[in-house]
Amino acid sequence: MTNMNTEQWSPKIVAFFCNWCTYTASDLAGVSRLRYAPSTRVIRVMCSGRIDPEFIMEAFAKGADGVLIGGCHPGDCHYSEGNYKCLRRYDLLQRYIEQMGIDTRRLRLEWISAAEGKKLQEVVNEMTNTLKEIGPSKIKHVVETIEK
Amino acid sequence: MGNDKPKLKLAVYWGAACGGCCVSVLDVHEKLFDVVANADLVFWPIALDVKYKDVEEMPDQHIDVTLFNGAVRNSENEHIAKLLRQKTKIMIAYGSCAHMGGIPGLANFSTKEELYKRVYEDSESTENAQKVYPQTETTIAEGKLTLPNFYKDVCTLDQIVDVDYYLPGCPPQTERLVEVFMAVVTGAELPPKGSVIGAGSKVQCDECKREKVNKSGITRFYRTWEKEDDGKTCLNEQGFLCMGPATRNGCGVRCVEGNAPCRGCYGPLDGIPDPGAKMMSAIASMLNEKEEGDIQKALDTVVDPAGTFYRFSLPGSILRRKQS
Ligand code: SF4
Ligand code: SF4
Ligand code: FES
């Protein structure tokens, strides 16, 4: 909103987490009372390979300051190769969003196993800090405002 | 016989366009007789000397069908789009530019300042020491001269006015236009408002005759001059980037038939808001690499991903333009 000042502004992160690993890790972090920035909106998917590039673009277009993808470590995907596909999409998307003038630090991919609640905490906190440095995303505004 | 039936009133207009769409209308060839037997062309700047003020004087809804081609990129395009909308019963976004922004929509990768600087200062054939740029108003001895306002953004037609149908293609295949036209003339039931008409409902690959051998396993991509096409295997499987998997059919896969990769002018299928997203998924599935370094090396051969995947659709895509 217009009256937000940088002090109280905290970045909104849309997080697509694989059900079998990162999503469980986020549960674990919760149960273990590991504090992490309250800025993430978690969307559970059955595999990181299910995350269509469209989801990520929609998240940015609807106002996300950052998008975090969490999947199973290489070799550990429950559907064998979904995470590799996710990695290839991610690498291509990074090139695309850079061409679109979007700071590539707004999109991040991490392999976080079900046991790595601590890593999840660190990744979210780190990404939150990075996004605070970059500042609020203007993507939604640009998408919605046709400039004449 | 049939002469008691009032003729259809048809208008064709170009916004930010190359003229190819208007030519595709002229390409009806001998079918032109069917068209003129059934329709009066009431406005068509490329072919008829009808003035804007003549259109302004028409009653509302006077025109049955308008084929609006071209994107909306300046105040004149917008003014005429709104005027024609008011005067027209069925507004058709005709061609890739009106549908998704088209080639002129690639300007959304640049700011207006960058475009002006390139065109009016830096281009090789330009000498403009005084840095004269177009102005919307200039006063000279004889009076005031005006030009349309050049917008910062290129827009699709439906970002400016309500659109009834989309007839895709760069340019649309003329046969498809004739089919749509005859459907309107014969009073056939038209699809629901907002539909893509004059095109198929499958991806190009479904219709393409090229052999698909292995499903994935590409290690790199080639530009069309880097390697010889074998003339029979799927272009993507040979590593030539083909937009077929992300593109609606209807053109007869005419580019691949001519041994060139599909570039995506017919746009995405229903329910797919972003052809580039679809293509990025397809590419991720075609490649097999698992190591970060190998993936990056393979992706280095996808030259200009954004420009390639959104060649015809940047203004109509989810992110719409480059952030500045
Ligand atoms: S990718 Fe291109 S060449 Fe291959 S089947 Fe599809 S349309 Fe044909
Ligand atoms: S093959 Fe592709 S680029 Fe060529 S006309 Fe058809 S849709 Fe357009
Ligand atoms: S199941 Fe977790 S990434 Fe595929």
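The model shown is predicted, which means the values in this text are computed figures rather than measured ones.

Rules behind the numbers
Residues numbered from 1 in each chain as written. Chains lettered and ligands numbered in written order. Predicted model: local features only at pLDDT ≥ 70, side-chain atom pairs only at ≥ 80, totals over all residues. Heavy atoms only, no water. Helix = DSSP H or I, 4+ residues; strand = E, 2+ residues; numbered from the N terminus. Rg over C-alpha atoms; globule rule 2.2 N^0.38 Å. Buried < 20%, exposed > 50% of the residue type's maximum accessible area, 1.4 Å probe, protein only. Contact = heavy atoms within 4.5 Å. Areas by Shrake-Rupley, 256 points an atom, 1.4 Å probe, with all protein chains shown as cover. Lys, Arg positive; Asp, Glu negative; His and termini not counted. Charge placed at Lys NZ, Arg CZ, Asp CG, Glu CD. Patch = residues over 30% accessible without salt bridge, like charges linked within 9 Å, V, L, I, M, F, W, Y side chains within 5 Å. Salt bridge = Lys/Arg side-chain N within 4 Å of Asp/Glu carboxyl O. Near = heavy atom within 4 Å. Nonpolar A, V, L, I, M, F, W, Y, C, P; charged D, E, K, R; others polar. 1 Å grid on protein atoms, 1.4 Å probe; cavity = no way out; pocket = protein on both sides within 12 Å on 5 of 7 lines; lining within 4 Å. Points joined across faces, edges and corners; volume = space filled by probe spheres on them. Buried area = accessible area lost by both parts, 1.4 Å probe. Polar contact = N/O pair within 3.5 Å; in protein donor to acceptor, adjacent residues only side chain to side chain. Pairing = 2+ DSSP bridges. Domains from an automatic or database assignment.

Colleague: For the overall build of chain A, give the residues involved together with the corresponding values.
Modeller: Helices and strands together make up the secondary structure of chain A, namely 5 helices and 4 strands. Going from N to C terminus, chain A has its helices and strands arranged as β-α-β-α-β-α-β-α-α. Compactness check: chain A gives a C-alpha radius of gyration of 15 Å against a globular reference of 15 Å for 148 residues, within 12% of the reference. Expressed as a percentage of the 148 residues in chain A, the buried residues total 53%. Sequence-distant contacts, at least 24 apart, represent 79% of the contacts inside chain A between residues at least 6 apart. Surface summary for chain A: the accessible area is close to 7200 Å², and the carbon and sulfur share equals 49%. Across chain A, 20 positive and 18 negative side-chain charges occur, with their mean positions spaced 4 Å apart.

Colleague: Give me the lowdown on a nonpolar patch on the surface, citing residues and values where you can.
Modeller: A surface patch of nonpolar side chains, amounting to about 310 Å² of accessible area, comprises W14, V23, L26 and I46 of chain B. Relative to the helices and strands, W14 of chain B is located in strand β1 (residues 8-14).

Colleague: Report on the site of ligand 1, specifying residues and quantitative values.
Modeller: Taken together, Q204, C205, C208, K212, C234, L235, N236, C242, G244, P245 and V256 of chain B make up all the residues around ligand 1. Of the residues in the shell around ligand 1, the class split is 7 nonpolar, 3 polar and 1 charged.

Colleague: Break down empty space enclosed by the protein for me, with residues and values.
Modeller: Residue and element names in this part refer to chain B. Counted under the stated rule, the structure contains 3 cavities of 30 Å³ or more. Its volume calculated, the largest cavity comes out at about 120 Å³. As for the largest cavity, its lining consists of L10, V25, L26, V28, L32, V35, L41, W44, L67, L177, V178 and F181. Only α1 (20-26), α2 (32-38) and α7 (174-185) provide two or more residues apiece to the lining of the largest cavity. By residue number, the principal contributor to the lining of the largest cavity is α7, which donates 3 residues. Split by residue class, the lining of the largest cavity holds 12 nonpolar, no polar and no charged.

Colleague: So, the pattern of salt bridges: which residues are in play, and what are the values?
Modeller: All names here are of chain A. This structure, assessed with the given rule, holds 30 salt bridges over all chains. A salt bridge links K118 to E122; its shortest N-O distance comes to 3.3 Å. Here K118 pairs with E122, and both are found in helix α4 (residues 117-134), just 4 residues apart, close to one helical turn. Overall, the relative accessible area of 48% leaves K118 in the partly exposed class.

Colleague: Break down the interface of chain A and chain B for me, with residues and values.
Modeller: When the parts of a complex come together, some accessible area is lost, and that lost area is often used as the size of the interface. Taken together, the 30 residues of chain A in the interface contact 40 residues of chain B. In total, about 3400 Å² of surface goes out of reach between chain A and chain B, with carbon and sulfur atoms giving 62% of it. Viewed at the interface, chain B and chain A are joined by 20 residue pairs in polar contact (both at pLDDT 80 or more). Elements represented by at least two residues in the side of chain A that touches chain B include exactly α2 (53-61), α3 (82-99) and α5 (139-144) of chain A. Per element, the largest residue contribution to the side of chain A that touches chain B is 11 residues, and it comes from α3 of chain A.

Colleague: Explain the site of ligand 2 to me, using residue names and the numbers behind them.
Modeller: All residues adjacent to ligand 2 are Q204, T247, C251, R254, C255, C262, R263, G264, C265 and Y266 of chain B. The residue makeup of the shell around ligand 2, split by class, is 5 nonpolar, 3 polar and 2 charged.

Colleague: I'd like to hear about the pairing of strand β3 (residues 66-71) of chain A, residue by residue, with values.
Modeller: All names here are of chain A. Among the 6 residues that make up β3, 6 are buried, leaving the element largely enclosed by the rest of the structure. Burial along β3 is two-sided: the residues G66, L68 and G70 and V67, I69 and G71 are all buried. Examined bridge by bridge, strand β1 (residues 13-18) and β3 share 5 bridges and lie parallel to one another. Bridge assignment links F17 to a residue of β3, and that residue is G70. Summarising the sheet, β3 and strand β4 (residues 107-111) pair through 5 bridges and their orientation is parallel. Pairing of L68 across the sheet is with R108, part of β4.

Colleague: If you had to explain the domain arrangement of chain B to someone new, which residues and values would you point to?
Modeller: All names here are of chain B. The domains assigned to chain B are domain 1 (8-103 + 153-196), domain 2 (111-151) and domain 3 (200-318). Each of domain 1 and domain 2 has a C-alpha centre, and these two points are 30 Å apart. Domain 1 puts 6 residues into the contact, and the matching count from domain 2 is 5 residues. Across the domain 1/domain 2 interface, buried area totals approximately 570 Å², and carbon plus sulfur atoms make up 55% of it. Ranking the residues of domain 1 by area buried against domain 2 places R73, N74 and S75 at the top, with a combined share of 68%. Counting across the domain 1 and domain 2 interface gives 0 salt bridges. Counting across the domain 1 and domain 2 interface gives 3 residue pairs in polar contact (both at pLDDT 80 or more). When residues of the side of domain 1 that touches domain 2 are traced back to their parent elements, those giving at least two are β4 (72-74) and α4 (75-87). Ranked by residues supplied to the side of domain 1 that touches domain 2, first place goes to α4 with 3 residues. Considering only residue class, the side of domain 1 that touches domain 2 consists of no nonpolar, 2 polar and 4 charged.

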